[in-house]
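Examining the three-dimensional arrangement
The chain contents come next:
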Amino acid sequence: MKVLAIDTSNFTLGIALVNGNQVIGEYTTNLKKNHSVRVMPAIETLLRDCDTKPKELTKIVVAQGPGSYTGVRIGVTIAKSLAWTLQIPLSGVSSLEVLAANGRYFNGLISPLFDARRGQIYTGLYEMEKDSLKTVIEDCNILSSEWANQLKELNRPVLFVGQDVDIHRDAITDALGELAVFAPVQSYNSRPSELAFIGLDKAEVDVHQFVPNYIRMAEAEAKWLEQQGK
């Protein structure tokens, strides 16, 4: 089963091709460049280098958010287009769940996070159970200080992982102290191959009904609805 995984939900661009339990190829960049003009060339290059034709793909897996509104839309749109064109299944995976997989060897709770500005973060709480991730607290949008205080009540070590961890480090350590553990820089970026393997077990979604998971509305959209009295 050849699965193509696509993640453009944040700063990192990740593409992976897996076959069964083997990672055939993986492409990751952490550059300030427009995902919209780079994703398809990256996919084409990866498939070509791995001697794989699009018609050989059996499933598409995409990181469906949260994260950058534009980034999430790009990845989901391309994934839906490929799945529909090739007539193969499509599955979505939480972008936070993919990042949490970087803490698979941590003996405790895992809190992946993305900065959501104004002291807020996108985050969730996960834990490894045997060889798979278990959701302890569903993904949410919350003030980092409030999140840290909520985790303090659990009285368990928590691994924080993600490129934006340093932005919220003070708020986290003020509340959790030694219970807060910070992942090394090598674990900051999501792995597209992890996305592929997690997506293998996710249910197939209807291509036409599948939408990004932003968790919260874009500020412009929220203001527009407010102006409309909704």
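Our subject is the structure listed above.
What counts, and where the lines are drawn
- Residues numbered from 1 in each chain as written.
- Predicted model: local features only at pLDDT ≥ 70, side-chain atom pairs only at ≥ 80, totals over all residues.
- Heavy atoms only, no water.
- Phe/Tyr/Trp six-rings, centres within 6.5 Å; stacked < 30°, edge-to-face > 60°.
- Helix = DSSP H or I, 4+ residues; strand = E, 2+ residues; numbered from the N terminus.
- Buried < 20%, exposed > 50% of the residue type's maximum accessible area, 1.4 Å probe, protein only.
- Lys NZ or Arg CZ within 6 Å of the ring centre and 35° of its normal.
- Pairing = 2+ DSSP bridges.
- Axes fitted to C-alpha atoms, helices over the stretch in contact; angles between N-to-C directions.
- Contact = heavy atoms within 4.5 Å.
- Core = buried A, V, L, I, M, F, W, Y, C linked by side-chain atoms within 4.5 Å.
- Parallel < 35°, antiparallel > 145°, perpendicular 65-115°, else oblique.
- Nonpolar A, V, L, I, M, F, W, Y, C, P; charged D, E, K, R; others polar.
- Arc of directions from axis to C-beta.

Moving on: the packing of aromatic side chains. Scanning all chains against the criterion turns up two aromatic pairs. Pairing tyrosine 69 with tyrosine 214 gives two aromatic rings, centres 5.3 Å apart and planes at 55 degrees, and the pair type is tilted. Note that tyrosine 69 is positioned in helix α2 (residues 69–86) and tyrosine 214 in the loop between α6 (192–200) and α7 (219–227), a separation of 145 residues in sequence. When its relative accessible area of 22% is taken as the criterion, tyrosine 214 is described as partly exposed. Between arginine 169 and the ring centre of phenylalanine 182, over which it is positioned, the NZ or CZ distance is 4.1 Å.

Let us now look at the sheet that holds strand β4 (residues 59–63). What holds strands together in a sheet is hydrogen bonding between their backbones, with the strands either parallel or antiparallel. The strand order across the open sheet formed by five strands is β3-β2-β1-β4-β5, and the pairing between neighbours is mixed. The sheet is open, and its two edges are formed by β3 (22–29) and β5 (90–93), each paired on a single side. Along the sheet, successive strands turn relative to each other by an average axial angle of 15 degrees, direction set aside. Sheet topology note: the strand β2 (residues 13–19)/β3 ladder contains seven bridges and is antiparallel. Within β3, the residue paired with glycine 14 across the bridge is threonine 28. Against the sheet, helix α1 (residues 39–49) engages β1 (2–7), β2 and β3, with an angle of about 30 degrees to β2.

Proline 66 follows glycine 65 through a cis peptide bond whose omega is 5 degrees. Counting through the fold element by element, proline 66 comes out in the loop between β4 and α2. Of note, arginine 117 is a non-glycine position whose phi angle comes to about 70 degrees, a positive value. With respect to the secondary-structure elements, arginine 117 resides in strand β6 (residues 109–117). You will see that lysine 130, though not glycine, has its phi angle at about 60 degrees, which is positive. With respect to the element layout, lysine 130 can be found in the loop between β7 (120–129) and β8 (132–143). Of the residues examined, lysine 130 reaches a relative accessible area of 82% and is grouped as exposed.

Another aspect to go through is the environment of alanine 16. Following the sequence through the fold, alanine 16 ends up in strand β2. The exposure class assigned to alanine 16 is buried, which follows from its relative accessible area of 0%. In contact with alanine 16, not counting residues within four places along its chain, are Val3, Leu4, Ala5, Gly25, Glu26, Leu46, Pro192 and Ser193.

By the element assignment, histidine 168 lies in the loop between β9 (158–161) and α5 (169–176). Apart from residues no more than four positions distant in its own chain, histidine 168 is found in contact with Leu113, Asp115, Gly119, Gln120, Ile121 and Ser144.

Looking now at the nonpolar core. Ranked by internal contacts, the top residues of the largest apolar core, which has 26 residues, are Val93, Ile110, Tyr122, Tyr126, Leu133 and Leu195. Going through the elements one at a time, β1, β2, β4, α3 (95–100), β6, β7, β9 and α6 are the ones with two or more residues in this core. Ranked by residues supplied to this core, first place goes to α3 with four residues. If we ignore the near neighbours within four places in the chain, the residues touching valine 93 are Val61, Val62, Ala63, Gln64, Gly65, Val98, Leu195, Ile198, Gly199 and Lys202. Counting residues in each nonpolar core, the second largest holds 25 residues, with Ile6, Leu17, Val207 and Phe210 among its members.

What follows covers the packing of α1 against α2. It is at 11 Å that the axes of α1 and α2 come closest, and there the two elements cross at 50 degrees. As judged from the angle between their axes, α1 and α2 are oblique. Counting all contacts with α1, which are made through Val39, Met40 and Ile43, the residues of α2 involved are Ile74, Ile78 and Leu82. Taken together, the residues of the contact of α1 with α2 break down into six nonpolar, no polar and no charged.

Along α5, the residues classified as buried are Ile172, Ala175 and Leu176. Projection of α5 onto a plane perpendicular to its axis shows the buried side chains occupying an angular sector of 85 degrees, all on one side. Opposite the buried face of α5, at more than 90 degrees from it, the exposed residues are Asp170 and Asp174. Each element contacted by the buried residues of α5 is listed here: β6, α4 (144–152), β9 and β10 (180–182). Note on α5: the residue one or two positions beyond its end, glycine 177, has a positive phi of about 60 degrees.

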